[in-house]
Amino acid sequence: MAARAESTPAVPAWQRGRGASWVRPARPQADGLVYIVSSGVFFAAAGVMALLMRTQLATANAEVVTRESYNELLTVHGSAMVFLFAMPLIAGLGNYLVPLMIGARDMAFPRLNALSLWLYLFSGVVMMLSFLAEGGTAQAGWTAYPPLSSQQAGNGMDLWILSLHLIGVSSLLGAINFIVTIHNLRAPGMTWTRMPLFVWSMDVFAWLLLAVLPTLSAGLTLLLLDRQAGTHFFDPTGGGSPLLWQHAFWFFGHPEVYVLILPAMGIISEVLPVFARKPIFGYKAIAFSSVAIAFFSMLVWAHHMFTVGLPNVLNVYFMIASMIIAVPTGMKIFNWLATLWRGNLHFDAPMLYALGFLSIFTVGGLTGIFLAAFPVDWQLHDSYFVVAHFHYTIFGGVVFGLLAGLHYWWPKLYGRLLDERLGKASFWLMFAGFHLTFLPQHFLGLLGMPRRIYTYGEGGLWEGYNMASTIGSYVMGLGVLVILVNMAKTSRTGRRAGNDPWQANTLEWYTTSPPPEHNFDSVPYVASPRPLYDLRRRLKESDAV
Ligand code: CU
């Protein structure tokens, strides 16, 4: 025993042994993997909630769930998808990949990383257990507008607030960790304009979180005080204003959309050039448009509040500001299209998901421009058109983007390739199921179906569109099952990936799959945004001699 302790003098006693490995996982990459797997579990849970809601709405006057249960489902579906699935999956991929892509051994603060992870898991458990509270969990939607949220009886709402507080602290710590890592631990030669675009997007993601997340936390604190301490911040009868909450929530809520979408855009910027066998077109434009999007996203929040009676001059301002965001976003889309133009396109599963992202997100962006025009919004506000728009951007953008990333980096994470046929099948199921689910919801919105209703009467076109939407949601569920089968099936028997199965460009493909504990034995000097391409070319040239 004594000899063993002597051989590892640098590690303090409390960090040794089995228990300690949970506080500070043995492999630096383990944090990232736990993030990825748990976010998958919450995705499944929130997905089942969506299927329950779609089953209730498939036919008129259905009684699959009660009104109260439906409200619980819609609240936790939204909150869990945003806070327990999308953000943690991005954090997990970032945790694993950012150090690898910049040629570092680990994140800057590994123990802080473990703390973020534990806070996240605890937050998820609190949210799920809040279903058991007296009177059930929160029923005010993920936007939690007072007085619905301040008046709901029972402690379910308080637990929901606690859960969001915990995930807020977790995300802030994670953001600080990403910023310090990216700013300080880059490999020799990796200047800002040679950094992978996914890393660029993670840097902007982290700065944006730091800027807007505290506003949500402050709003949640006031809400909790209104509920438990007799204050009246959001209560007009006591001199407060429910609009104060809406401002606080949306100052966070709108940028949050970009917190989720920017990393997805970063993934697309990595996948497209690799599968088009071309350098990315407009590297700098794509990198700096992320910064522009993040900046403008903080100036447009009240486009969610066009119906509350703001002075018209403000409505006009928020309309124009919202439309301006289409400029940097359009810049990215045209640069991606130019990357594909005359490329040698390879339609592997990651590429299919990336193209799915490109097509769906563009449609979601266009309906966003409709809704940004406030006279149009007055007609469509709180209708299913908004639900459709939201899912085209967030499901079509974030989920398809993340699935592109998952299929692209899976061989790096687990050392084995996914089955291409199952990968393609899952894409087509997801793609077809997606449009079948959400395209009809545009028409439902135009026909006047309000969102968040739990049932509706017979007659008219609502029934057909709703049935189509429900069938689509089950097709997507099938697509998710195919992805899971693919991962399970290939985990033992899949083809070995080797270091670089895709002929990719960035540093993570320089090391083994999966990487060793310290990520790299050596890191090549980075002389361009495509260090691995440079390396392959030099090898070819030396072979030719
Ligand atoms: Cu918005």
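Predicted model, so just to flag it, every value in this text is computed and none were measured. Starting from 1, residues in each chain are numbered consecutively following that chain's sequence as written. Only residues with pLDDT of 70 or above have their local features reported here, since the model is predicted, and side-chain atom pairs are shown and tallied only from 80 upward, although totals for entire chains, interfaces and linings are computed over all residues. Hydrogens are left out, water is left out, and the side-chain values use all remaining heavy atoms of the structure.

(A) Representation of the overall build of the protein chain in the model. Labels follow the DSSP assignment, with helices taken as runs of H or I lasting at least four residues and strands as runs of E lasting at least two, numbered in each case from the N terminus. If you tally the helices and strands in the protein chain, you get 18 helices and zero strands. Atoms counted for the radius of gyration: C-alpha only. Globule rule: 2.2 Å times the number of residues to the power 0.38. For the protein chain, whose C-alpha radius of gyration is 24 Å, the value lies close to the compact-globule estimate of 24 Å for 545 residues. Considered along the principal axes of its C-alpha atoms, the protein chain spans approximately 80 × 60 × 45 Å. With a 1.4 Å probe rolled over the protein chains alone, any residue whose accessible area is under 20% of its type maximum counts as buried; one over 50% counts as exposed, and the rest are partly exposed. Across the 545 residues of the protein chain, 55% fall into the buried class. Throughout, a contact is declared for two residues whenever any of their heavy atoms are within 4.5 Å. Put simply, 81% of the contacts in the protein chain that link residues at least 6 apart link residues at least 24 apart. Summing over all exposed atoms, the protein chain offers an accessible surface of approximately 22,500 Å²; the carbon and sulfur share of this is 68%. Looking at the protein chain, you have 32 positive and 27 negative side-chain charges, and the mean spots of the two groups are 12 Å apart. Note that accessible areas follow from Shrake-Rupley with a 1.4 Å probe, and for residues the cover is restricted to the protein chains shown. Under the counting rule used here, the positive set is Lys and Arg, the negative set is Asp and Glu, and His together with the chain ends is not counted. Every charge is mapped to an atom, namely NZ of Lys, CZ of Arg, CG of Asp or CD of Glu.

(B) View of the coordination of the copper ion. Each metal's donors comprise the N, O and S atoms found within 2.8 Å of it (within 3.2 Å for Na, K or Ca). Water is not part of the atom list, so some coordination spheres may appear incomplete. Distances from the copper ion to its protein donors, namely His254 (ND1), His303 (NE2) and His304 (NE2), fall within the range 1.8 to 2.0 Å. Counting residues between consecutive donors of the copper ion along the chain gives the motif H-x48-H-H. Highlighted residues: His254 in helix α9 (residues 242-276) and His303 in the loop between α10 (283-297) and α11 (312-324), separated in sequence by 49 residues. Of the two residues examined, His254 and His303, each falls in the buried class.

(C) Molecular detail of empty space enclosed by the protein. With a 1 Å grid laid over protein atoms only, a set of points is called a cavity when a 1.4 Å probe fits there but cannot get out and a pocket when it is open yet has protein on both sides within 12 Å along at least five of seven lines; lining residues have an atom within 4 Å of a point. Grid points are joined across faces, edges and corners, and a volume is the space filled by probe spheres set on the points. This structure, assessed with the given rule, holds four cavities of 30 Å³ or more. The computed volume of the largest cavity comes to approximately 120 Å³. Mapped onto the lining of the largest cavity, the elements with two or more residues apiece are α4 (67-101), α7 (156-184) and α8 (197-228). The element that contributes the greatest number of residues to the lining of the largest cavity is α7, accounting for six residues. Residue composition of the lining of the largest cavity, by class: ten nonpolar, three polar and no charged. Polar here means any residue other than Ala, Val, Leu, Ile, Met, Phe, Trp, Tyr, Cys and Pro, which are nonpolar, and Asp, Glu, Lys and Arg, which are charged; Gly is therefore polar.

(D) Up close: a nonpolar patch on the surface. The grouping of Leu366, Ile369, Phe370 and Val376 at the surface amounts to a nonpolar patch, some 330 Å² of accessible area in total. Structurally, the position occupied by Leu366 is in helix α13 (residues 349-372). Like charges within 9 Å and nonpolar side chains (Val, Leu, Ile, Met, Phe, Trp, Tyr) within 5 Å are joined into patches, using only residues over 30% in relative accessible area that form no salt bridge. By definition, a salt bridge exists where a carboxyl oxygen of Asp or Glu is found within 4 Å of a side-chain nitrogen of Lys or Arg.

(E) Region of the structure containing the packing of α4 against helix α15 (residues 384-414). Here the axes come from fitting lines to C-alpha atoms, over the contacting stretch only for helices, and the angles between their N-to-C directions go from 0 to 180 degrees. Running from amino to carboxyl end, α4 crosses α15 at an angle of 35°, the nearest separation of the two axes being 11 Å. α4 and α15 meet at a crossing whose hand is left-handed. Contact residues: Tyr70, His77, Phe85, Ala86, Leu89, Ile90, Leu93, Tyr96, Leu97 and Met101 in α4; Tyr384, His391, Val398, Val399, Leu402, Leu406, Trp409, Lys412 and Leu413 in α15. Of the residues contributing to the contact of α4 with α15, the split by class is 16 nonpolar, two polar and one charged. The handedness criterion is simple: a crossing whose near helix is rotated anticlockwise from the far helix by less than a right angle is left-handed, and one whose near helix is rotated clockwise is right-handed.

(F) Seen up close, the nonpolar core. We define a nonpolar core as any set of buried Ala, Val, Leu, Ile, Met, Phe, Trp, Tyr and Cys residues linked to one another through side-chain atoms lying within 4.5 Å. Counting residues in each nonpolar core, the largest one holds 155 residues, and the members touching the most others are Phe83, Trp160, Trp336, Phe357, Phe400, Tyr408 and Trp409. Dropping the residues within four chain positions of it, Trp336 is found in contact with Met265, Ile268, Ser269, Leu272, Ile280, Ile286, Phe357 and Leu358.

(G) Representation of the packing of aromatic side chains. Each aromatic pair joins two rings of Phe, Tyr and Trp (for Trp, the six-membered one) with centres within 6.5 Å, and gets the label stacked for planes under 30 degrees apart, edge-to-face for over 60, and tilted for any other angle. Inspection of every chain in the model, using the stated rule, returns 43 aromatic pairs. Between the aromatic rings of Phe306 and Phe374, the centroid separation amounts to 5.8 Å while the plane-to-plane angle is 55°, which identifies the pairing as tilted. One end of the pair, Phe306, is in the loop between α10 and α11; the other, Phe374, is in helix α14 (residues 374-380), and 68 residues separate them in sequence. Residue classification places Phe306 among the buried residues on the basis of a relative accessible area of 1%. Residue Phe374 is classed as buried on the basis of its relative accessible area of 9%.

(H) Structural detail: the layout of surface pockets. Empty space within the second largest pocket amounts to approximately 440 Å³. Ile36, Gly40, Leu406, Leu484 and Met487 are the residues nearest the centre of the second largest pocket, which is lined by 19 residues in total. Within the residue set of the lining of the second largest pocket, elements represented by two or more residues are α3 (29-57), α4, α15 and α17 (462-493).

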